[in-house]
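Survey of secondary and tertiary structure
As a plain string of letters, each chain reads:
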Amino acid sequence: VDGSASVPLSVEEDRRHLLEAAIVRIMKARKVLNHNDLVAEVTRQLSGRFVPPPQFVKKRVESLIEREYLERDEADRRVYRYMA
């Protein structure tokens, strides 16, 4: 099921917050994680509520990078680091 097309805006926003909270929780615990592992872990944690499409996870990660919660690794762009 595609998340964006059939989901009301308020639900979309709630999911955005849930997703970001899960990403921050995971990264705070792990400190460094590659993209695929992060997507898998987020999907596993949120599967009881909804299954986030990988593209949605990527958008939320980009947003967290912009707000300086996360950063990309200098050597490997697919690795994220948690910034306290």
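Cut-offs applied
- Residues numbered from 1 in each chain as written.
- Predicted model: local features only at pLDDT ≥ 70, side-chain atom pairs only at ≥ 80, totals over all residues.
- Heavy atoms only, no water.
- Salt bridge = Lys/Arg side-chain N within 4 Å of Asp/Glu carboxyl O.
- Helix = DSSP H or I, 4+ residues; strand = E, 2+ residues; numbered from the N terminus.
- Buried < 20%, exposed > 50% of the residue type's maximum accessible area, 1.4 Å probe, protein only.
- Polar contact = N/O pair within 3.5 Å; in protein donor to acceptor, adjacent residues only side chain to side chain.
- Contact = heavy atoms within 4.5 Å.
- Pairing = 2+ DSSP bridges.
- Expected span 1.5 Å × (residues − 1).
- Arc of directions from axis to C-beta.
- Core = buried A, V, L, I, M, F, W, Y, C linked by side-chain atoms within 4.5 Å.

1. Description of the pattern of salt bridges
For the structure shown, the criterion picks out 7 salt bridges. For E20, the salt bridge identified is with R60, shortest N-O distance 2.8 Å. Here E20 is found in helix α1 (residues 9-30), whereas its partner R60 is found in helix α3 (residues 54-66), with 40 residues between them in sequence. We classify E20 as buried; its relative accessible area is 11%. The salt bridge partner of R72 is E62, with a shortest N-O separation of 2.3 Å. Of the two residues, R72 sits in strand β2 (residues 70-72) while E62 sits in helix α3, which places them 10 residues apart along the sequence. E62 sits in the partly exposed class, given a relative accessible area of 26%. Salt bridges sharing partners connect three or more residues here, namely E20, R60 and R67.

2. Observations concerning the side chain of E41
For E41, the location among the structural elements is in helix α2 (residues 35-46). According to the relative accessible area criterion, E41 is buried, its value standing at 14%. A distance of 2.7 Å separates a polar atom in the side chain of E41 from a polar atom in the side chain of R44. Excluding residues within four positions of it along the chain, E41 makes contact with I26 and R30.

3. Focus: the pairing of strand β3 (residues 79-82)
Here strand β1 (residues 32-34) pairs with β3 via 3 bridges, running antiparallel. By the bridge assignment for β3, L33 is matched with Y80. In this structure, β2 lies alongside β3, joined through 3 bridges in antiparallel fashion. Within β3, the position partnered with L70 by the bridge is Y82.

4. Re α2
Given a rise of 1.5 Å per residue, 12 residues ought to cover 16 Å, and the 16 Å separating the end C-alpha atoms of α2 matches this to within 8%. Three or more residues of α2 are buried, namely H35, L38, V39, E41, V42 and L46. Projected down its long axis, α2 carries its buried residues within an arc of 165°, all on one side. Tucked into the core, α2 has its buried residues touching α1, β1, α3 and β3.

5. Digging into the nonpolar core
Counting 20 residues, the largest nonpolar core has I23, M27, L38, V42, V61 and L70 as the members making the most contacts within it. If you list the elements that add at least two residues to this core, you get α1, α2, α3 and β3. The leading source of residues in this core is α1, at 6 residues. Sequence-distant contacts of V42, defined by excluding residues within four places in its chain, comprise L19, I23, I26, P52 and V57.

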